[in-house]
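Inside the fold
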Amino acid sequence: MRLYSMPSSGNSYKVRLLMALTGRAVQVVDCEYGSDALAGAKAGGALPYGKVPVLVLDDGQMLAESNAILWYLGESTGFVPADPVTRAQMLGWMFWEQYNHEPVIAVRQALVSYPHRAAEATPQRLANLLDRGHALLQVMEDRLSGHDWLVGDATSLADLCLYAYTHTAGTRGGYWMDRFPGIAAWLARIEALPEYAGLSA
Ligand SMILES: N[C@@H](CCC(=O)N[C@@H](CS)C(=O)NCC(=O)O)C(=O)O
């Protein structure tokens with residue numbers, strides 16, 4: 001398999017994290033913003049929606065969208081709950097991540113840390129994303145203050161998915177993570193998983 005992946009991106013990182021935790025081998029093609037590799041992957045038709053990550057299977061089929069890739073790679077691992085209701089709750093968090101969390105918390109991190117997004121980082125927009133992000137983090141805190149994991153009683157794809165942009169929300173995004181002790185303990189639990197691999201970009 002080949003993974004087109006952006007080293008600095010949480011959406012790509014969540015896939016790399018699952019692969020590390022499950023010991024899956026894959027050829028990784030680094031496609032950082034502004035790189036020839038990203039331009040080449042787009043021009044060569046390797047990215048169906050023009051975005052990374054994309055997983056190319058051994059038979060050439062392509063999977064786009066980070067959470068769809070997690071779902072595919074999560075089959076037959078311990079990261080997908082057996083119980084149908086818990087499994088649906090896991091998907092609920094993953095849809096929430098893409099529709100609510102990522103468009104706010106990842107976007108503020110991108111505006112603050114990528115030079116090519118700096119012109120969009122107006123004070124009003126950053127303030128709005130800060131307030132909205134704190135409200136979203138509180139949703140996670142409400143769950144994690146009383147539970148070890150987002151669904152059920154074990155690590156699932158929902159935890160790996162939401163870890164990606166939450167663990168850098170303070171350092172890259174300027175969110176006030178001291179407010180969220182339940183999230184801090186959950187981040188530490190994920191980082192203690194065997195074969196955990198960090199973002200390192
Ligand atoms: N919803 C998509 C988002 C993918 C996405 O926005 N990828 C960004 C990096 S985080 C990208 O490929 N940007 C390159 C570009 O727009 O040229 C997913 O979860 O995979």
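Criteria and thresholds
Residues numbered from 1 in each chain as written. Predicted model: local features only at pLDDT ≥ 70, side-chain atom pairs only at ≥ 80, totals over all residues. Heavy atoms only, no water. Helix = DSSP H or I, 4+ residues; strand = E, 2+ residues; numbered from the N terminus. Buried < 20%, exposed > 50% of the residue type's maximum accessible area, 1.4 Å probe, protein only.

Before going further, it helps to spend a moment on unusual backbone geometry. With omega at 10 degrees, the peptide bond leading from valine 52 into proline 53 counts as cis. Assignment of secondary structure puts proline 53 in the loop between helix 2 (36–43) and strand 3 (54–56). Even without being a glycine, glutamate 65 presents a positive backbone phi close to 75 degrees. Looking at the secondary structure, you find glutamate 65 in the loop between strand 4 (62–64) and helix 3 (66–74). Look at glutamate 65 and you get partly exposed, because its relative accessible area is 41%. For serine 76, which is not a glycine, the phi torsion comes out positive at approximately 60 degrees. Note that serine 76 resides in the loop between helix 3 and helix 4 (84–113). We classify serine 76 as exposed; its relative accessible area is 78%.

Just distances and angles here, no functional claims.
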